[in-house]
There are 2 protein chains.
Amino acid sequence: MAKKYVYFFGNKKADGKGDMKDLLGGKGAGLAEMTRLGIPVPPGFTITTEACNAFFKAGKKHPAGMWKQVENEMKKVEKEMGMKFGDPKNPLLVSVRSGAKFSMPGMMDTVLNLGLNDVTLEALINKTNNKRFGYDAYRRFITMFANIVMGVDRMKFENTLEAMKEEKGVANDTDLTAEDLEKLCDQYKKIYKKELKKDFPQNPYEQLKMAINAVFGSWFGERAYKYRTLNGISHDLGTACNVQTMVFGNMGKTSGTGVAFTRNPSTGEKKFFGEFLLNAQGEDVVAGIRTPVPVSRLQKKLPKCYDQLVKIYKKLEKHYRDMLDIEFTIQEGTLYMLQTRVGKRTASAALKIAVDMVKEKLIDKKTAVQRIDPAQLDQLLHPTIDPKAKVEKIAKGLPASPGAAVGTVIFTADEAETAAEKNEKVILVRTETSPDDIGGMYAAQGILTARGGMTSHAAVVARGMGKCCVAGCGAISIDEEKKIFTVGDLTVKEGDYITLNGTTGDVVLGEAKLIKPKLTGNFDQVMTWVDQYSKLGVRANADTPHDAKVALGFGAVGIGLCRTEHMFFEESRIKAVREMILSNSIEGRQKALKKLLPMQKGDFIGILKEMKGLPVTIRLLDPPLHEFLPHTDEDLKALSKSMGVPEDKLRAKNASLHEFNPMLGHRGCRLGVTYPEIYEMQARAIMEAACELTKKKIKVIPEIMIPLVGHVNELKQMREVVERVAKETIAKYKTKVNYTIGTMIELPRAAITADEIAPFADFYSFGTNDLTQTTYGLSRDDAGTFLPSYVEKGILEDDPFVTIDQKGVGALVKMAIEKGRSVKKRMKMGICGEHGGEARSVMFCHQIGLNYVSCSPYRIPIAKLAAAQANLAEAGGRDLSKSTV
Amino acid sequence: MAKKYVYFFGNKKADGKGDMKDLLGGKGAGLAEMTRLGIPVPPGFTITTEACNAFFKAGKKHPAGMWKQVENEMKKVEKEMGMKFGDPKNPLLVSVRSGAKFSMPGMMDTVLNLGLNDVTLEALINKTNNKRFGYDAYRRFITMFANIVMGVDRMKFENTLEAMKEEKGVANDTDLTAEDLEKLCDQYKKIYKKELKKDFPQNPYEQLKMAINAVFGSWFGERAYKYRTLNGISHDLGTACNVQTMVFGNMGKTSGTGVAFTRNPSTGEKKFFGEFLLNAQGEDVVAGIRTPVPVSRLQKKLPKCYDQLVKIYKKLEKHYRDMLDIEFTIQEGTLYMLQTRVGKRTASAALKIAVDMVKEKLIDKKTAVQRIDPAQLDQLLHPTIDPKAKVEKIAKGLPASPGAAVGTVIFTADEAETAAEKNEKVILVRTETSPDDIGGMYAAQGILTARGGMTSHAAVVARGMGKCCVAGCGAISIDEEKKIFTVGDLTVKEGDYITLNGTTGDVVLGEAKLIKPKLTGNFDQVMTWVDQYSKLGVRANADTPHDAKVALGFGAVGIGLCRTEHMFFEESRIKAVREMILSNSIEGRQKALKKLLPMQKGDFIGILKEMKGLPVTIRLLDPPLHEFLPHTDEDLKALSKSMGVPEDKLRAKNASLHEFNPMLGHRGCRLGVTYPEIYEMQARAIMEAACELTKKKIKVIPEIMIPLVGHVNELKQMREVVERVAKETIAKYKTKVNYTIGTMIELPRAAITADEIAPFADFYSFGTNDLTQTTYGLSRDDAGTFLPSYVEKGILEDDPFVTIDQKGVGALVKMAIEKGRSVKKRMKMGICGEHGGEARSVMFCHQIGLNYVSCSPYRIPIAKLAAAQANLAEAGGRDLSKSTV
């Protein structure tokens with residue numbers, strides 16, 4: 001016996017079920033489930049995804065037995081309806097629709113009225129006693145079939161229709177008479193013949209076969225294929241094909257069609273929400289000729305139908321236990337349901353619906369937590385541009401830091417600071433930002449750069465500040481001297497208003513209306529549940545007591561990355577830093593370091609105090625030294641004076657620090673190895689801060705982290721330096737401090753030799769930004785010129801700097817975890833790259849057994865939610881107690 | 001019973017053997033073996049390396065039973081000699097020496113005359129009837145014991161000796177009388193007491209114990225430890241300690257001491273070679289007071305001893321089947337052998353000795369091949385500075401390309417070319433070189449750069465040319481405008497002579513005498529044998545027909561890396577290349593590419609023809625485009641004219657191609673993905689060349705290589721482009737060509753996902769230069785500032801750009817081989833990084849199962865020899881037939 005390829009549904013019975021989405025697609029499964037629930041659904045059948053896959057495997061031929069099954073099921077439908085497909089008296093008409101597991105653009109749309117031909121048309125007219133209705137249905141069918149099944153340009157038909165309307169002097173299709181439409185049908189058939197060199201098919205089964213093949217064929221249509229590639233959906237799934245009895249919403253005043261949500265998809269409010277049109281087909285709604293009205297009005301127009309619809313939606317929601325999106329048609333006072341699926345919703349609606357449904361006991365808390373899309377939470381944490389606002393987009397960059405910002409354009413960081421002091425709202429526009437710009441970035445509402453990627457300086461710093469940023473906007477060309485930037489022919493001057501959308505990357509001219517984020521009680525409620533179900537700890541990347549405070553507010557369980565170099569950029573300090581760098585002797589460096597020690601110590605006191613006994617991972621100096629160097633002649637002159645070193649010498653030293661590939665240069669622990677006195681000073685500052693706080697009975701857990709280790713001996717030597725200083729300091733203060741010394745794993749070699757390194761590390765923190773750069777051999781600052789086209793051309797599914805590359809970078813992280821723990825079984829390991837705040841990456845981190853992720857404070861809720869979902873998915877609902885990290 | 005820690009030797013019997021170097025050290029094993037052979041060796045015993053290791057394990061305490069064994073074996077020695085250790089009448093004196101498996105600097109030296117004290121001294125005087133001899137022996141012993149065993153500064157004793165000589169008005173030690181020396185001994189004992197706060201030990205067994213402990217202790221002395229770290233010798237080996245009866249070469253005219261080689265270590269000539277001194281101890285030879293004379297003269301002076309010595313050396317050489325280095329002492333007409341070991345030799349001596357010994361049937365061919373140090377072969381392939389020449393070294397850089405060169409200093413490539421046309425010999429001195437300099441590099445005798453590492457542009461290109469280069473010489477400071485460079489206070493002007501030693505990195509002022517390399521018949525003979533025993537193929541990195549010819553001369557079996565971009569730098573082409581890069585449209589690029597196509601085709605015809613049917617791996621364009629851009633304003637102006645594009649626009653485009661980290665930027669196949677037309681042109685040029693030659697009945701095997709693949713989809717898309725062009729071209733020419741398409745594995749991600757990539761690659765070529773850079777996160781061009789100090793501080797054992805980092809980079813290569821072959825079992829894989837010409841790396845390549853290595857032509861012999869040795873070592877002598885690659 002042949003495999004079952006066709007599943008019938010009709011009259012409260014269905015071969016399929018709601019959980020058979022893999023086989024029947026989302027639409028087919030929904031139709032089967034509704035039928036089983038006794039909800040009125042026009043009978044029909046679904047041809048399975050397996051049939052589709054077999055079709056391609058056989059070189060676009062139906063698998064054996066499929067067509068026979070189609071014919072058999074069609075007979076059942078005929079019986080159910082008391083009509084016959086292609087019958088010259090009482091013809092059954094059907095719709096044909098694709099329906100895959102995931103809905104996706106580019107798949108074949110709907111063909112309505114299939115089964116019509118010159119003969120059945122007459123029967124339809126006789127039966128409905130409505131010639132106009134009959135010819136209208138026929139001309140629509142010819143158009144859809146020719147266009148959707150056969151690929152003829154729709155405009156060929158539209159133009160003919162327009163010509164007819166002009167000839168008749170009417171404005172609307174509905175003004176055309178039955179005779180007009182009859183004539184149109186003739187013209188349409190001629191167009192069909194001209195375009196396809198054959199007659200419009202009159203055999204309904206031939207029509208059906210062609211339509212089914214077209215549905216299958218659309219699975220490998222260009223757009224669908226690209227969409228799947230980009231969204232990581234397997235090409236092996238295949239699509240199902242739904243063939244269903246036609247019902248008509250356009251048969252008069254007691255007919256109609258509509259779509260609705262069981263709750264409000266924008267707000268989550270528990271109120272039936274939707275719209276409908278009387279005497280119309282779905283097509284007409286889309287065409288936008290008539291404006292649909294709220295579904296509540298149906299109560300007055302067709303009260304019986306409305307009551308029935310309300311009962312049905314309630315039944316469905318209760319059955320599916322989720323907010324649903326439904327489609328219905330009323331034919332001469334009889335209600336039919338045509339589709340049901342889980343409805344899309346905004347973040348705040350998702351939160352409200354989840355919390356409400358828990359209250360209503362429809363779902364439990366775990367389900368509620370799993371219902372919310374972590375990536376969507378961003379909407380709640382940042383201002384957004386009012387979706388109703390009309391905006392003039394002038395350019396698009398990378399969505400580097402989410403949210404929206406409005407302000408006047410300013411081109412230098414200093415001016416941004418001055419403006420901020422006057423309470424002016426500005427947008428800082430730079431070719432690229434450097435650490436010198438941090439003050440200005442902080443002062444600005446948002447940042448726009450012409451160069452740099454998702455993890456460029458501007459992007460990283462902005463995300464850390466929770467500030468909107470559009471980066472790498474190559475279309476803008478900045479002339480700092482003239483204080484303008486240009487986009488094509490448009491010139492934007494200093495002081496002009498622009499608006500940034502950091503969530504999409506859009507740059508908008510003028511002052512768009514922003515909506516402020518509101519964190520509701522629902523958010524807090526869901527976050528409480530999230531905490532109950534997480535195993536992975538969520539820490540923050542924070543460099544200042546202020547950042548630490550924000551992080552605590554979002555429920556961080558520690559700081560996973562405190563970058564000490566960010567403390568070096570303050571104006572009062574940068575001079576000492578420069579003196580240190582430009583000294584040619586160890587004495588000179590030590591003198592400068594002595595000035596820095598109390599300042600760094602103050603920083604650490606601030607952060608450790610704020611974190612009240614939670615662990616704080618402090619990374620020792622990491623970036624190449626030339627990042628700190630004077631960039632302008634003035635700075636150089638000033639420095640020359642204060643250091644008493646001739647300008648020439650300073651300039652030469654400056655030049656000698658130039659590197660071809662600073663990312664791969666003299667940085668990280670390489671600085672510590674060549675200038676141990678720098679790490680010594682930092683270790684002393686940390687330990688003195690820790691000791692002083694301990695003496696004041698404030699609990700502290702400093703975790704000192706050595707960056708960019710590639711060889712175990714680097715860590716070994718640096719650990720010796722730090723350990724010596726720590727012991728000296730503890731002895732000096734006569735106290736006890738729980739400190740640990742660990743390392744970043746951010747180079748492939750460190751991951752590969754993680755078992756060799758482990759004996760000298762108390763913890764590992766994966767720096768996945770740099771690890772991605774080195775594993776891919778890809779500079780984050782330079783990738784902007786070609787990475788977008790990589791994603792476009794389908795070479796990469798995702799930007800590896802946004803979501804962790806599981807097969808490459810992820811494999812190295814996994815290897816390092818295994819190797820490290822083969823030596824130290826319970827070694828604490830976390831991740832502190834940008835990926836720590838991205839949902840899919842967080843889930844991956846959970847799966848491979850990390851103890852924590854660390855991300856910028858504003859991404860903590862996202863990370864926490866993703867962590868909880870990963871744990872729930874893994875545990876299959878079991879409650880795992882939260883680990884302490 | 002306690003473990004055996006002490007091994008006796010004496011009177012033709014020995015507990016040990018010659019192959020017990022692990023346990024007895026090299027010296028101890030040699031003494032035991034000579035004793036067994038019946039060769040006269042003063043009796044003694046060796047304390048094992050196991051005892052040394054146990055000593056450290058127990059916290060510097062002798063292992064149980066060791067001391068008892070020492071006492072027992074001492075009794076055997078006493079019996080053998082008929083003397084007693086510490087006996088007041090007939091005292092036995094001994095020497096104490098360390099002796100590890102490998103000889104190494106920093107280990108404890110020799111202590112002679114141990115057993116002397118105030119009492120035994122008298123006995124020695126009485127016995128020899130020579131007071132002067134006695135006191136001389138005593139004062140030497142006190143000095144050595146205090147200095148070597150107790151660590152007292154030797155100068156304390158030397159100064160006292162000098163004072164005595166001054167007081168007595170004599171010039172030489174030998175002029176001091178017995179009474180003088182007696183007084184000196186008193187003074188020495190006082191110094192000892194003052195420095196060490198205790199008396200000079202009078203108990204001979206106490207002296208012995210202290211000396212043994214000092215030998216053991218020296219194993220972890222700073223210098224020895226560092227030496228082992230740097231040379232990759234395990235710290236677990238431990239040292240043995242040899243205690244041996246003293247014999248005296250300074251007991252008159254029938255006494256003496258000497259060292260000799262069984263053959264000439266410089267030339268390999270089969271002639272006894274060495275020198276000796278009558279009436280002297282080893283110390284005196286070292287002190288350089290008297291000049292030793294050739295060993296042949298001993299025949300006249302002490303004919304009986306000489307004859308005996310000749311017999312012994314012949315016996316030893318026959319026994320060891322190798323050229324040996326021996327030490328002997330003659331005491332009053334009796335010959336004693338004190339040491340034998342395999343003798344060090346020059347490369348040409350090594351070849352001659354190996355070939356001669358095969359002829360003499362002393363060894364077989366396989367042994368001959370294994371006897372030659374591959375790294376040493378470099379000596380034979382390049383000129384060297386005459387070792388006898390006195391040179392003034394002014395600076396030291398990296399030994400970037402071996403050999404030596406003399407010439408006058410010149411600072412620009414253009415001037416170097418002009419000078420070469422006038423037959424002037426010049427050294428090109430540049431801060432760093434760029435592809436623009438290639439003509440000048442070719443014209444110069446040698447290249448000196450101030451910046452860049454072992455794989456910087458200058459280093460790579462120079463090695464490819466077989467030209468001497470010293471790179472990254474940070475001590476020199478170049479002023480191109482003034483046409484000078486300075487080193488400290490020294491100024492070297494254009495036109496001044498300098499000499500470079502590319503093998504050591506030395507920069508020498510003036511014109512040093514060079515020795516030209518000579519490749520003898522022995523070299524050819526050994527190379528023939530090498531070919532019989534290799535499994536790994538050796539290919540060349542060659543970009544021109546000339547390079548290809550050189551490579552064939554050295555026996556390359558193909559070209560493993562032909563860099564197409566090197567063809568772009570010729571003056572006639574660079575303009576077209578620049579037009580291509582600076583075009584903003586695909587049409588503009590295609591126009592420029594059309595100009596390049598016939599030129600590239602010509603290149604490929606030349607190389608493929610030269611290689612006569614051997615495989616040629618051609619890498620498509622790899623470096624970032626801005627490497628080709630105009631560097632000077634003149635160039636830019638000229639280009640602006642010829643392209644008809646305003647200078648401003650060109651300058652802007654130029655600037656827009658700037659990259660922060662070009663190494664990680666828009667290069668390799670990323671260029672091919674964004675500008676497929678470039679790879680298309682190159683593929684067409686290769687295939688047209690291949691087709692035309694095939695039509696002329698010339699066999700060709702082009703292997704087209706896609707560089708810098710990180711994700712399988714990059715290769716997939718590029719393969720499609722190349723395959724399409726190849727098929728089109730083959731169809732056009734109506735012929736057949738055996739071509740393959742493969743990829744470089746030079747990014748960690750490619751190695752990690754080598755199983756995913758394999759289906760789209762016919763071969764893998766490991767680009768270990770770039771793989772090292774990315775795995776370590778280390779830019780070869782920037783590492784010069786800190787990598788040397790890494791090796792110095794013992795963090796890295798070797799520069800990973802010189803010898804492959806087996807634990808990191810090597811592990812990735814291994815992983816990629818396994819993953820690739822898990823998909824394609826017999827996939828051809830090779831290496832084309834600089835490591836392909838370095839002996840240890842080549843051996844590693846053999847071990848992990850690569851099919852071939854590819855290196856610059858002048859390193860082919862080294863690679864071939866290393867490959868044969870690796871194979872012989874693995875096969876344990878079995879003859880493995882050579883694989884075809």
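Participant: Honestly, the pattern of salt bridges in this entry has me stumped. Any pointers?
Facilitator: A side chain with one charge may pair with a side chain of the opposite charge, provided their charged atoms come close. Residues and elements named next belong to chain B. A complete count under the given rule lists 123 salt bridges over all chains for this structure. Residue Asp531 is joined to Lys864 by a salt bridge in which the shortest nitrogen-to-oxygen separation is 3.0 Å. Residue Asp531 is located in helix α19 (residues 521-533), and its partner Lys864 is located in helix α34 (residues 860-875); the two are separated by 333 residues in the primary sequence. Look at Asp531 and you get partly exposed, because its relative accessible area is 28%. Across the pair Arg719 and Glu723 runs a salt bridge, and its minimum N-O distance is 3.4 Å. One end of the pair is Arg719 and the other is Glu723, both in helix α27 (residues 712-733) and four residues apart, which spans about a single turn.

Participant: So what exactly am I meant to see when it comes to the nonpolar core here?
Facilitator: Across soluble globular proteins, nonpolar side chains show a tendency to be buried alongside one another. If you look at the biggest cluster of nonpolar residues, it comprises 284 residues, and the most contacted ones within it are A:Ile706, A:Tyr764, A:Phe766, B:Ile706, B:Tyr764 and B:Phe766. Listed in part, the 68 residues of the second largest apolar core include A:Leu121, A:Tyr135, A:Leu181 and A:Phe216.

Participant: When you look at the relation of the copies chain B and chain A in this model, what are you seeing that I'm missing?
Facilitator: What connects the two chain copies is a rotation about an axis and a shift along it. Rotating chain B by 180° and moving it 0.1 Å along the rotation axis overlays it on chain A with an RMSD of 0.2 Å. Taken together, these values place the two copies in the relation of a two-fold axis. It is B:Asn661 whose C-alpha, among those of chain B, lies nearest the rotation axis, at 2.2 Å.

Participant: It is not clear to me how a negative patch on the surface should be interpreted in this structure. Could you clarify?
Facilitator: Residue and element names in this part refer to chain B. There is a patch of like negative charges on the surface, built from Asp414, Glu417, Glu421, Asp436 and Glu571. With three residues, the top contributor of residues to the negative patch is helix α16 (residues 413-421). Its place among the elements puts Asp414 in helix α16. Looking at Asp414, the relative accessible area reads 57%, which means it is exposed.

Participant: What is the right way to look at unusual backbone geometry in this model?
Facilitator: Most peptide bonds are trans, and most residues other than glycine sit at a negative phi. Phi angles above zero are rare outside glycine, and A:Lys734 is one such case at about 50°. Inspection of the secondary structure assignment puts A:Lys734 in the loop between α27 (712-733) and β31 (740-745). Phi is positive for B:Asn129, which is not a glycine, with a value near 55°. Positionally, B:Asn129 belongs in the loop between α4 (118-128) and α5 (131-149).

Calculation rules
Residues numbered from 1 in each chain as written. Chains lettered and ligands numbered in written order. Predicted model: local features only at pLDDT ≥ 70, side-chain atom pairs only at ≥ 80, totals over all residues. Heavy atoms only, no water. Salt bridge = Lys/Arg side-chain N within 4 Å of Asp/Glu carboxyl O. Helix = DSSP H or I, 4+ residues; strand = E, 2+ residues; numbered from the N terminus. Buried < 20%, exposed > 50% of the residue type's maximum accessible area, 1.4 Å probe, protein only. Core = buried A, V, L, I, M, F, W, Y, C linked by side-chain atoms within 4.5 Å. Least-squares fit on C-alpha atoms with pLDDT ≥ 70 in both. Patch = residues over 30% accessible without salt bridge, like charges linked within 9 Å, V, L, I, M, F, W, Y side chains within 5 Å. Areas by Shrake-Rupley, 256 points an atom, 1.4 Å probe, with all protein chains shown as cover. Lys, Arg positive; Asp, Glu negative; His and termini not counted. Charge placed at Lys NZ, Arg CZ, Asp CG, Glu CD.

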